Amino acid sequence: MPLQILVIGAGAIGAYVGGLLARVGHDVTFGVRGHALQAIAHNGIELLGPRGHWRITNVKAIDAASFDKGQPPSPDLVLSCVKLYDAESAAQQWRGALESAGAVISLQNGIDGAARIACGAPGARVVGGLAYIAGQLQAPGVVRYLSNLSSITFGGLGATRDPLLRRFAESVNATAGADALQANLVEDICSAQWAKFTVLATNAALTCLTRKPAGVVYHDPDLLALAEVTITEVMAVGRAEGAVFAPSQAQDTLAILQAFPPELFASMHHDLTAGRPLELDGISGLMTRLGRQHGIGTPFHAMAYACLKPWLHGIKP
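Bear in mind that the values here come from a model prediction, so they are computed numbers and not experimental data. (Residues numbered from 1 in each chain as written. Predicted model: local features only at pLDDT ≥ 70, side-chain atom pairs only at ≥ 80, totals over all residues. Heavy atoms only, no water.)

Caption draft 1: Region of interest: the pairing of strand E7 (residues 103-106). Where burial is concerned, the two faces of E7 agree: the one with Ala103 and Ile105 and the one with Val104 and Ser106 are both buried. The pairing of strand E6 (residues 77-80) with E7 spans four bridges and is classified as parallel. Paired with Leu77 across the bridge in E7 is Ala103. The sheet contact formed by E7 and strand E8 (residues 126-139) spans two bridges and is parallel. Counterpart to Val104 in the pairing with E8 is Val126. (Buried < 20%, exposed > 50% of the residue type's maximum accessible area, 1.4 Å probe, protein only. Helix = DSSP H or I, 4+ residues; strand = E, 2+ residues; numbered from the N terminus. Pairing = 2+ DSSP bridges.)

Caption draft 2: View of the side chain of Asp271. Position of Asp271 among the secondary structure elements: in helix H12 (residues 267-274). Looking at Asp271, the relative accessible area reads 3%, which means it is buried. The contact partners of Asp271, leaving out residues within four places of it in the chain, are Lys83, Arg276, Pro277 and Leu278. (Contact = heavy atoms within 4.5 Å.)

Caption draft 3: Inspection of the nonpolar core at higher detail. By size, the foremost hydrophobic cluster in this structure holds 45 residues, and its most contacted members are Leu79 and Phe168. By residue number, the principal contributor to this core is helix H1 (residues 12-23), which donates seven residues. Discounting chain neighbours no more than four positions away, the residues touching Leu79 are Ile5, Leu6, Val7, Ile8, Val17, Leu21, Ile105 and Leu107. Within the second largest apolar cluster, 40 residues are counted, among which are Phe197, Val199, Ala205 and Leu272. (Core = buried A, V, L, I, M, F, W, Y, C linked by side-chain atoms within 4.5 Å.)

Caption draft 4: Examining the environment of Gly96 more closely. Relative to the helices and strands, Gly96 resides in helix H5 (residues 95-100). Separated by 27 residues in sequence, Gly96 and Gly123 have C-alpha atoms that sit 9.3 Å apart.

Caption draft 5: Structural view of the packing of aromatic side chains. A complete count under the given rule lists four aromatic pairs for this structure. Note on Trp54 and Tyr145: the rings are 5.7 Å apart at their centroids and 0° apart in plane angle, and the pair reads as stacked. Of the two residues, Trp54 sits in strand E4 (residues 54-56) while Tyr145 sits in strand E9 (residues 142-155), which places them 91 residues apart along the sequence. Like Tyr145, Trp54 is buried. For the pair Trp194 and Phe197, a centre-to-centre distance of 5.4 Å together with 85° between the ring planes defines the contact as edge-to-face. Note that Trp194 and Phe197 are positioned in helix H8 (residues 189-210) at a spacing of three residues, about one turn of the helix. The burial state of Trp194 is the same as that of Phe197; both residues are buried. Connected via pairs of aromatic rings, a cluster forms that spans Tyr16, Trp54 and Tyr145. (Phe/Tyr/Trp six-rings, centres within 6.5 Å; stacked < 30°, edge-to-face > 60°.)

Caption draft 6: Geometry of the pairing of strand E1 (residues 4-8). With four of five residues buried, E1 is to be regarded as a mostly interior element. Both E1 and strand E2 (residues 27-31) contribute to a ladder of five bridges, which runs parallel. Bridge pairing in E2 links Leu6 to Thr29. Read as a crossover between parallel neighbours, the route from E1 over H1 to E2 is right-handed. The pairing of E1 with E6 spans four bridges and is classified as parallel. If you follow Leu6 over to E6, its bridge partner there is Val78. (Right-handed = clockwise from strand over helix to strand, strands pointing away.)

Written out as structure tokens, the structure is:
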């Protein structure tokens, strides 16, 4: 039986994940506003990329005011896919939906998305999560994905025994094919998030600082040496925060970065060049603060934070 899923936000991650969930039969509604609301309501979701092009029309779109009036009914599951800096305010706006749902999964970049959501909707049952997806929003409801990366990981203590989370994960993993999405339900979400953060924090900082894509950054020996420095910093802070890394984590991260499509930039770079606010505070800013808290030097991320901070709030038109 399909789940009723509310996806808050329809950027690259939200539109991609929500679209594929609708393709496998779940009842998916996007919680959006403005141009995205109209585009998705009329045209659905379109995913374009190397594995195929798909238009998904069996989705709905609503705003928070419509939900507060009782349409649609309370969701089984909410996926929060807004930018990290909007996680708390979006949770406040959609508080009724989040607190009535069986669970809320945070798919924000970074480490502390679930905590930010919980601040905005303290009565919600929020679990941490992350997404491995490389894509860019080209227009409202239209995502160009760039690689075979197509998975979400979520959970926490006791999550693998939770009936709703198990049902969701099993329904996702029951599908196969070019349009499949993989779901990993884990007990140790902290370690999973920090493992991804070795990739995310490195790529965000280096592509923003250099204004160059992965094909340049991770194939230049001097920039590759900087990537090794940032990975070392992230792992040191992650261990202090309780994360457990595989012995090969540093090498695995470098392999992931070097295997990125040559044209790939971090999502924060797209925001930077478009003059939008940056998730910097939750990436290099978080690394800097946690490093100080634990007495761990993070000179690369401190430098990245300081250099990019003038663009933290975007450029006003």
